[in-house]
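Take a look at the letters that make up each chain.
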Amino acid sequence: MYVVATAGHVDHGKSTLVRALTGMEPDRWAEERRRGMTIDLGFAWTTLPAGGTVAFVDVPGHERFVPNMLAGVGPVPAALVVVAADEGWMPQSAEHLAALHALGVSYGLLAVTRADLADPGPALWQARAEIAATSLGAVEAVPVSAVTGAGLPELRAALDRLAARLPAPAPDAPVRLWVDRSFTVRGSGTVVTGTLGGGGLRVGDQLELAATGEPVRVRGLHCLGAARERVDAVARVAVNLRGVPKDRVARGDALLTPGRFHRTDLLDVRLAGDPAADLPATLTLHVGSAAVPARVRPLGADTVRLRLARPLPLLVGDRALLRDPGRHHVSGGVTVLDVAPPLLRRRGAAAARAAVLAGLDGRPDLAGELRRRALVRAGELTRMGVPVTAAPVAGDWLADPEHWRGLATRLAEETTRYAREHPLEPGVPVEVLRRRLDLPDRALVEALVRPPLSLRAGRVTAAGADPLPAPVARAVQRVRAEYAEHPFRAPEAGRLATLGLGPREIGAAVRAGALLRLAENVVLLPGAVDDAVRVLARLPQPFTLSAARQALDTTRRVAVPLLELLDRRGATRRLPDDAREVVGPPS
Ligand SMILES: Nc1nc2c(ncn2[C@@H]2O[C@H](COP(=O)(O)OP(=O)(O)OP(=O)(O)O)[C@@H](O)[C@H]2O)c(=O)[nH]1
Ligand SMILES: [Mg+2]
């Protein structure tokens, strides 16, 4: 299906022409028919000579209803510009054309209507010249009369040629269906309609309401008045939503593929049209079927920051237009450059931002986004409209390569610094590094650990470095020398303290495997366990605690926890009478 929107001044015959082409009534309201004037969007369709279907979005021409017109043309890529032969180019001819140009509509036709009332020549030439200066470029022009039927076959043929040129929709694109109507059908509930420009919809699909983010389910689909199981772009589509009251969804809202769009009320855009400095402080941003007041902050000569009155699901590269409703003036089109721009807090930030924006053109640019954002989640970029083709550095985090290299260097430095500041700790906790490097996720810290650094038990250590700080190592050495003759006489707490081994130093030595802790303040050298088993194995089996104590030349303070340790390690077995026997080497 092809979708074409009408455009043109009030009373120039747009609806009459749509009626003549389709046999359908685009003016849906009794009031419209009574006043002979379109107020809101109308919809009608017909089959073209080549077999394709064209659906028209018929717009009102009256100046009061320009916002309705914009809601209709916003999501539509082609226009049928209508000028009356007897009136020629008029104010809303110009305003509508300015809107099409601002939105970048580049496919169109000119119909010079009411050709039975006047020579269509002058209107045709003028309109054609006006149109040629816009994004529509040189268009085919067809004089028609809905009264006599003259020119209608030629117009149908021209529509066929236009349709053949329209770009194919992206079938896998995420759905962003801008709602242009919302109404209730008795027995079915809320129905919304819109022009589906890309992707597809199926009954049962889960979608998201752009205004609130709330999930909704597709209960039924209609296309050209017929129920369908699925509808693919491009299409006019009516979506019946399950369990959504009509007042929760309105024109300007959108149905979205969940998780694929970033809703933003702050964006940086490039202007095509009036210079940034000439814009009033407040304008209305029109995009899709939405119209939202926007506060305008000039940044560069042709770039501005917009603060929207409510968030919209926008992507980098989206086209929109700014309009001053009071002056009936289309200020011009905008191209969305950034939907998640940095806040401008510091002095000079606005000028710096303007310089960045000067280098952007609205084409998604992954490398550039990474350079500017340093670290960003893949999903976030996708939701901005930037396709992700690079591999993540951790989880779904993407990093600018240079920034990432810098982080790795800083991680190594911080690890060394921490080791200096905390000589007794076995490395720096991942969380400490996360904070020192100001990283949003511990997974990033872990991904930055490369040899010679290593990650163990939630801490990063410089591998190869002596795990024991020098003073502690020296104290252990003294213990070793003093107790060489009596390896099972654990030093008393006082002696340990004299040697400089307080609880923290002992903890460090134990973690490093330089001392073996039997109980609070009872430590032996690590080889003592194996030695003890050898000594005990030479005793007549089974042996008593007292026999063990004498054989090991030690006290109960050591013998009791040592034998318990040997029991736990399966080197000795405790018998019912409290005697023990050696059963094997310690595990
Ligand atoms: N003689 C003649 N009258 C026409 C022709 N086309 C439209 N008209 C008349 O022009 C008037 C306006 O036609 P509409 O189709 O309502 O015009 P419109 O552009 O849809 O107007 P709005 O939707 O209000 O902007 C009606 O009275 C039509 O009957 C035509 O080709 N010949
Ligand atoms: Mg009309």
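Look above for the structure.
Residues numbered from 1 in each chain as written. Chains lettered and ligands numbered in written order. Predicted model: local features only at pLDDT ≥ 70, side-chain atom pairs only at ≥ 80, totals over all residues. Heavy atoms only, no water.

**Q** How do you make sense of the overall build of the protein chain when you look at a structure like this?
**A** What the protein chain contains, in helices and strands, is 18 helices and 31 strands. Here the C-alpha radius of gyration of the protein chain, 39 Å, is well above what a compact globule of 587 residues would show, namely 25 Å. For the protein chain, the C-alpha atoms occupy an extent of roughly 125 × 55 × 35 Å along the three principal directions. Here the protein chain, with 587 residues, has 49% of them falling under the buried criterion. (Helix = DSSP H or I, 4+ residues; strand = E, 2+ residues; numbered from the N terminus. Rg over C-alpha atoms; globule rule 2.2 N^0.38 Å. Buried < 20%, exposed > 50% of the residue type's maximum accessible area, 1.4 Å probe, protein only.)

**Q** What is the right way to look at empty space enclosed by the protein in this model?
**A** It is the rolling of a water-molecule-sized probe over the atoms that shows where space remains empty. Per the counting criterion, the structure on display carries three cavities of 30 Å³ or more. Of the volumes computed, that of the largest cavity is approximately 50 Å³. What lines the largest cavity is Val 479, Tyr 483, Pro 487, Arg 489, Ala 490, Pro 491, Val 523, Leu 524 and Leu 525. Each residue belonging to the lining of the largest cavity can be placed in one class, and the counts come to eight nonpolar, no polar and one charged. Its boundaries defined by the atoms lining it, the second largest cavity holds a volume of some 40 Å³. (1 Å grid on protein atoms, 1.4 Å probe; cavity = no way out; pocket = protein on both sides within 12 Å on 5 of 7 lines; lining within 4 Å. Points joined across faces, edges and corners; volume = space filled by probe spheres on them. Nonpolar A, V, L, I, M, F, W, Y, C, P; charged D, E, K, R; others polar.)

**Q** Can you help me understand the site of ligand 1 in this one?
**A** Residues in contact with ligand 1 amount to 19 residues; listed here are only the nearest, Lys 14, Thr 16, Thr 38, Gly 61 and Asp 116. Side-chain polar atom of Lys 14 to an oxygen atom of ligand 1: 2.8 Å apart, as the coordinates give it. Here an oxygen atom of ligand 1 sits 2.8 Å away from a polar atom, N or O, in the main chain of Gly 61. Relative to its unbound accessible area of 640 Å², ligand 1 is 81% covered by the protein chains. Looking at the shell around ligand 1 residue by residue, the classes come out as six nonpolar, nine polar and four charged. (Near = heavy atom within 4 Å. Polar contact = N/O pair within 3.5 Å; in protein donor to acceptor, adjacent residues only side chain to side chain. Areas by Shrake-Rupley, 256 points an atom, 1.4 Å probe, with all protein chains shown as cover.)

**Q** How do you make sense of helix H7 (residues 349–358) when you look at a structure like this?
**A** For an α-helix, the turn length of 3.6 residues means that residues three or four places apart are oriented alike. Listing the buried residues of H7 in full gives Ala 349, Arg 353, Ala 354 and Leu 357. Burial along H7 is one-sided: seen end-on, the buried residues are contained in an arc of 140°. Facing away from the buried side of H7, by more than 90 degrees, are the exposed residues Ala 351, Ala 355 and Ala 358. (Arc of directions from axis to C-beta.)

**Q** Just to check I follow, could you spell out the sheet that holds strand S20 (residues 303–313) for this structure?
**A** Pairing between the strands of a sheet is mediated by backbone hydrogen bonds and can be parallel or antiparallel. What the six strands build is a closed barrel, ordered S17-S20-S19-S18-S21-S22; its pairing is antiparallel. Direction aside, the axes of adjacent strands within the sheet are offset by 40° on average. Of the strands in this sheet, strand S18 (282–287), strand S21 (319–324) and strand S22 (329–338) are in contact with helix H4 (residues 91–103), which crosses S21 at around 145°. Strands strand S17 (263–273), strand S19 (290–298), S20 and S22 of the sheet are contacted by H7, whose axis makes an angle of about 65° with S17. (Pairing = 2+ DSSP bridges. Axes fitted to C-alpha atoms, helices over the stretch in contact; angles between N-to-C directions. Contact = heavy atoms within 4.5 Å.)

**Q** What should I look at first to understand the coordination of the magnesium ion (ligand 2) in this one?
**A** Between any two of four tetrahedral donors, the ideal angle at the metal is 109.5 degrees; between two of six octahedral donors, it is 90 or 180 degrees. Here the magnesium ion (ligand 2) is held by the protein donor atoms Ser 15 (OG) and Thr 38 (OG1), which lie 1.9 to 2.0 Å from it. One end of the pair, Ser 15, is in helix H1 (residues 14–22); the other, Thr 38, is in the loop between helix H2 (30–35) and strand S2 (42–47), and 23 residues separate them in sequence. Accessibility assignment for this pair places Ser 15 and Thr 38 in one class, buried. (Donors = N, O, S within 2.8 Å, 3.2 Å for Na, K, Ca; no water.)

**Q** Quick question: what am I supposed to make of the pattern of salt bridges here?
**A** When the charged atoms of two side chains with opposite charge come close together, those side chains can pair. Evaluation of the coordinates by the stated rule reveals 37 salt bridges. Two residues, Arg 353 and Asp 268, come together in a salt bridge whose shortest N-O distance is 2.7 Å. One end of the pair, Arg 353, is in helix H7; the other, Asp 268, is in strand S17, with 85 residues separating them in the sequence. Summarising the burial analysis for this pair, Arg 353 and Asp 268 share the class buried. A salt bridge links Arg 327 to Asp 324, with the shortest nitrogen-to-oxygen separation between them at 3.5 Å. Residues joined in a network through salt bridges with shared partners are Asp 268, Arg 305, Asp 338, Arg 353, Glu 369, Arg 372 and Arg 373. (Salt bridge = Lys/Arg side-chain N within 4 Å of Asp/Glu carboxyl O.)

**Q** Help me understand unusual backbone geometry in this model?
**A** When glycine is set aside, most residues are seen to have a negative phi, and most peptide bonds are trans. With an omega of -5°, the peptide bond between Ala 233 and Val 234 qualifies as cis. Take Val 234: it is sitting in the loop between strand S14 (230–232) and strand S15 (235–242). Despite not being glycine, Arg 114 shows a phi value in the positive range, around 55°. With respect to the element layout, Arg 114 can be found in the loop between strand S5 (107–113) and helix H5 (120–132). The backbone of Asp 553 shows a phi angle near 55°, a positive value even though the residue is not glycine. Positionally, Asp 553 belongs in the loop between helix H17 (545–552) and helix H18 (556–568). Since its relative accessible area comes to 32%, Asp 553 is described here as partly exposed.

**Q** In this structure, what is going on with the sheet that holds strand S26 (residues 453–456)? I would like to understand it.
**A** Pairing in this open sheet of three strands is antiparallel, and the strands run S25-S27-S26 from one edge to the other. Unpaired on one side and paired on the other, strand S25 (428–429) and S26 mark the two borders of the sheet. As defined by bridge partners, S25 adjoins strand S27 (residues 459–462) across two bridges and the pair is classed as antiparallel. The residue bridging Val 428 from the neighbouring strand is Val 460, located in S27.

None of the figures reported here should be taken as evidence of function without further support.
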